[in-house]
Amino acid sequence: MEDWDLLIIGAGAAGLAAGIYGARSGLKTLILDERLAGGTTAEAPLVENYPGFPQIVGTELADKMTLHCRKTGAVIHDVESVVSMNLKDEKKTVKTTRAEYRASAIIIATGAHYNEIGVKGEKEFHGRGVSYCGVCDGPFFKGKRVLVVGGGNSACITTLYLAGIAGEVMVVHRRETFRAEDALVKDILSKGNVKALWNMEIQEIKGDKVVKSVVLTNIKTKETTEMPVEAVFVQIGESPNSVQVMEAGVEPEEGGCSIKIDIRQRTNIPGVFAAGDVTNHPVRQIGTAVGQGITAALEAYSYIRRPYYRR
Ligand SMILES: Cc1cc2nc3c(=O)[nH]c(=O)nc-3n(C[C@H](O)[C@H](O)[C@H](O)COP(=O)(O)OP(=O)(O)OC[C@H]3O[C@@H](n4cnc5c(N)ncnc54)[C@H](O)[C@@H]3O)c2cc1C
């Protein structure tokens, strides 16, 4: 059994930021990731909204964060999956495919995955017109015709955001009404460049190097049409990577499966903190994940060392 002060699960933006602050605070810090360090940032084709980097390829930003974190003395174990964990005792234990670790505090930073529609062309054109993040990729489609898939709050918020950038925004929804808040729906329908396509289902995304069109089917009439578009924004929800920690007793937000946190990134279990996309924080961006990771690490430091100013 290896002993650490701080154990961080997930080496994405939140986990790496937490690692930098943990190690610089003098905590013996270990970060575990089941994949390569860098997280979802590495999946962003181009990042244009992270302060200090007007334009940077996602993999490059992820590599810089990982390198920075390692330089502070935090240890990162890539490709090491967590098998089980016991979070309730004073000392937390985590068993992985390679070893067993004991730590005084834990930060859960396992991120989330976007739900996919599962149609032909979706995977092929991911990053080449297919996007899961309007705020991230919308500005690449200034004045163009884009399509949003979904009918809930996130689809409507993305539609509103894109209406201010794109030339035309088509929203494909399987029902006859949106499932979003009334005010949001009114706002959308008042936009001259937004068109809702009710009772429609997307069948296929087509293109050559980039997205060129989509094939849509009307659920009621079964009629099929092909529509030229330059981007498809899939907005049918996200699923936090939280199953394992929920099984270990971490409390989810009401009616969901994101980790419920307070303003200091604390979960319901003393000594267990959470940061980034796995939490119920309303914004899911690299900058917010970094901010949450920093808070979590400094709070973990206070929890472990109990400095005089916090006693
Ligand atoms: C295509 C795309 C483009 C984007 N573009 C932008 C952009 O331009 N600007 C922006 O601000 N945001 C962008 N985002 C959003 C941004 O990437 C995320 O909000 C941010 O990276 C979340 O960071 P995180 O650390 O919370 O999670 P992640 O970066 O997802 O990191 C979580 C890590 O935890 C690991 N993990 C999961 N489960 C386990 C487990 N059981 N054991 C061990 N490790 C585990 C994962 O392998 C992963 O490395 C984009 C997202 C996508 C998908």
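Preceding this section is the structure that the text describes.
Here the structure is a predicted model, which means the values were calculated and not measured. (Residues numbered from 1 in each chain as written. Predicted model: local features only at pLDDT ≥ 70, side-chain atom pairs only at ≥ 80, totals over all residues. Heavy atoms only, no water.)

*Asks:* How should I be thinking about the state of the cysteines in this particular structure?
*Replies:* What makes a disulfide is a covalent bond joining the sulfur atoms belonging to two cysteines. For the structure shown, the criterion picks out 1 disulfide. At a sulfur-sulfur separation of 2.0 Å, the disulfide partner of Cys 133 is Cys 136. Looking along the S-S bond of the Cys 133-Cys 136 disulfide, the torsion reads about 65 degrees, which is the right-handed sense. The class of Cys 133 is buried, set by a relative accessible area of 12%. Owing to a relative accessible area of 27%, Cys 136 belongs among the partly exposed residues under this scheme. Cys 133 supplies the cysteine sulfur nearest to Cys 156, a cysteine that is in no disulfide, at a spacing of 16 Å. Owing to a relative accessible area of 1%, Cys 156 belongs among the buried residues under this scheme. We note that Cys 257 lacks a disulfide partner, and the nearest cysteine sulfur, in Cys 133, lies 19 Å from it. (Disulfide = S-S within 2.5 Å. Buried < 20%, exposed > 50% of the residue type's maximum accessible area, 1.4 Å probe, protein only.)

*Asks:* I'm lost on the sheet that holds strand E14 (residues 224–228) in this one. Help?
*Replies:* Strand pairing within a sheet occurs via backbone hydrogen bonds; the two strands may be parallel or antiparallel. Here we have 3 strands laid out as an open sheet, ordered E12-E13-E14, and antiparallel in their pairing. For this open sheet the edge positions go to strand E12 (200–207) and E14, each flanked by a neighbour on one side alone. The average undirected angle you get between the axes of adjacent strands in this sheet is 25 degrees. (Pairing = 2+ DSSP bridges. Helix = DSSP H or I, 4+ residues; strand = E, 2+ residues; numbered from the N terminus. Axes fitted to C-alpha atoms, helices over the stretch in contact; angles between N-to-C directions.)

*Asks:* It is not clear to me how the packing of helix H1 (residues 13–24) against helix H7 (residues 286–305) should be interpreted in this structure. Could you clarify?
*Replies:* Think of two packed helices as two axes; the pair is described by the angle between the axes and how far apart they sit. Packing of H1 against H7 leaves a shortest axis separation of 7 Å and a crossing angle of 35 degrees. For the pair H1 and H7, the sense of crossing is right-handed. Across the interface between the two elements, Ala 13, Ala 14, Ala 17, Ala 18, Tyr 21 and Gly 22 of H1 pack against Ile 286, Ala 289, Val 290, Gly 293, Ile 294, Ala 297 and Leu 298 of H7. The residue inventory of the contact of H1 with H7, partitioned by class, reads 11 nonpolar, 2 polar and no charged. (Left-handed = near helix turned anticlockwise from the far one by under 90°. Contact = heavy atoms within 4.5 Å. Nonpolar A, V, L, I, M, F, W, Y, C, P; charged D, E, K, R; others polar.)

*Asks:* Sorry, what's going on with the site of the ligand here?
*Replies:* Neighbouring the ligand are 32 residues, the closest being Asp 33, Thr 40, Asn 49, Cys 136 and Asp 277. Thr 41 places a polar side-chain atom, nitrogen or oxygen, 3.4 Å from an oxygen atom of the ligand. Between the ligand and Gln 244, the relevant distance is 3.3 Å, taken from a nitrogen atom to a side-chain nitrogen or oxygen of the residue. Coverage of the ligand by the protein amounts to 96% of the 1000 Å² it exposes when considered alone. Where the shell around the ligand is concerned, the elements lending two or more residues are H1 and H7. The class makeup of the residues in the shell around the ligand is 14 nonpolar, 12 polar and 6 charged. (Near = heavy atom within 4 Å. Polar contact = N/O pair within 3.5 Å; in protein donor to acceptor, adjacent residues only side chain to side chain. Areas by Shrake-Rupley, 256 points an atom, 1.4 Å probe, with all protein chains shown as cover.)

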